[in-house]
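Listed below, chain by chain, are the residues.
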Amino acid sequence: MTRKPVVFITGAGGEIGHGLISTLAQDPDRAIITLDLNPLHPELRPLVRRHVVGSILDANLLETLQAEYEIDLIVHLAALLSTRSEFTPKAAHRINVEGTMALLEFAQEQGESHGRPVVFLYPSSIAAYGLPSVAEKTTAGKVREDDYSWPTTMYGCNKLYCEMLGIYYSRHYRQLAAEAAHRKVDFRCLRFPGLISAVTVPSGGTSDYAPEMLHAAAQGKPYACFVRPDTRIPFMAMPDAITAILSLSSASREQLTRPVYNISAFNPSAEEIRQIVMQEFPGAVVDFKLDAKRQGIVDSWPEDVDDSAARADWGFRPKYDLNRAFREYLIPTIKGRYAQ
Ligand code: SER
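What comes next is a walk through the structure. Note that the coordinates shown come from a computational prediction; the quantities given were computed from them, not determined experimentally.

**Focus: the environment of isoleucine 16**
Note that isoleucine 16 resides in helix α1 (residues 15–24). Here the alpha-carbon distance between isoleucine 16 and isoleucine 245, two residues 229 residues apart in the chain, equals 9.8 Å.

**Quick word on the side chain of arginine 188**
For arginine 188, the position within the fold is in strand β7 (residues 185–192). Using a relative accessible area of 4% as the deciding quantity, one classes arginine 188 as buried. In terms of polar contacts, arginine 188 uses its side chain to reach the backbone carbonyl oxygen of serine 249, at 3.3 Å.

**Focus on the packing of α1 against helix α8 (residues 238–250)**
At their nearest, the axes of α1 and α8 sit 9 Å apart, and the two run at 65° to each other. Remark: the crossing between α1 and α8 carries right-handed chirality. Together, Glu15, Ile16, Gly19, Leu20, Thr23 and Leu24 of α1 and Met238, Ile242, Ile245 and Leu246 of α8 make up the contact between the two elements. When its residues are assigned to classes, the contact of α1 with α8 shows seven nonpolar, two polar and one charged.

**Brief notes about the pattern of salt bridges**
Close approach of charged atoms lets side chains of opposite charge pair. The full count for this structure, using the stated rule, is 18 salt bridges. In this structure, the salt-bridge partner of glutamate 163 is arginine 191, at a minimum N-O distance of 2.8 Å. You can see glutamate 163 sitting in helix α6 (residues 154–172) and its partner arginine 191 sitting in strand β7, a full 28 residues away along the chain. Residues glutamate 163 and arginine 191 agree in their burial class; the two are buried. By sharing partners, the salt bridges in this structure join Glu70, Asp72 and Arg116 into a single network.

The rules behind these values
- Residues numbered from 1 in each chain as written.
- Predicted model: local features only at pLDDT ≥ 70, side-chain atom pairs only at ≥ 80, totals over all residues.
- Heavy atoms only, no water.
- Helix = DSSP H or I, 4+ residues; strand = E, 2+ residues; numbered from the N terminus.
- Buried < 20%, exposed > 50% of the residue type's maximum accessible area, 1.4 Å probe, protein only.
- Polar contact = N/O pair within 3.5 Å; in protein donor to acceptor, adjacent residues only side chain to side chain.
- Axes fitted to C-alpha atoms, helices over the stretch in contact; angles between N-to-C directions.
- Left-handed = near helix turned anticlockwise from the far one by under 90°.
- Contact = heavy atoms within 4.5 Å.
- Nonpolar A, V, L, I, M, F, W, Y, C, P; charged D, E, K, R; others polar.
- Salt bridge = Lys/Arg side-chain N within 4 Å of Asp/Glu carboxyl O.

In structure tokens, the structure reads:
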């Protein structure tokens, strides 16, 4: 079998994978292989060289891919999100932590076999933070990457630990071995805010109230928002998330002063999102029905993040602020989608 340089995307059928595949496929020189528990959406299937239906925890499957391909970039998207993980914490640990460990080992072996560092793009999250109280959340404002690293959710703990694991593989792997074995994995991590896509709806997250509100209104369905109107966390439109993945993964190593980067685009309150949605869909029925437990999770996430390192090191600049995200991307795309 000829070895071909490829990008390998896990969890490729999810929200981020959807946008990422469409964008990556515009580059004819890049081969994409994907892995997901489910078959790929029929629109995406022709865009990838090979799609494997299976689990990141299937060692035989990873071994086969290891032997067949020369992989330069891994975008490891497979995960259980925060709400889902609270219902099944053991499964969350298996998928989010053991799965990531398996992929880091995979990357290490790839790097050892072809001799070049494998860029490992890891999506972390605002869930890696844990603010102790709403009062402190308000006074903390924009939090920096190294502050408030006390997540309260299983998902947040998993993400924070896997950030550490990635750093271990890239900088300290087998540090007592006679011959240096590190620097085969070039670990780069983005801490995403809540993401809002016009073409897919998330499942199992706790920032889901924003996209759910919008997609429900666009379909003429009533929606009860599960957090208080004044709840505020950072968000980003999906195209900016995709651009960030591509920019960070292609940045030169020398530009990067840190392994983990915050990124954010806007941070409206739930009420501000409701108002924009109501303006665009005047007949929509959106009210608030508090779920105190899910509220507690969102209250532990920062109201904004300091993304100045991403801006300085690799030129992160979101294209969509709140207004543009809704008026130029979300609303027109969603209206087109549900009109079909
Ligand atoms: N959007 C994710 C969630 O709500 C946070 O990364 O779980």
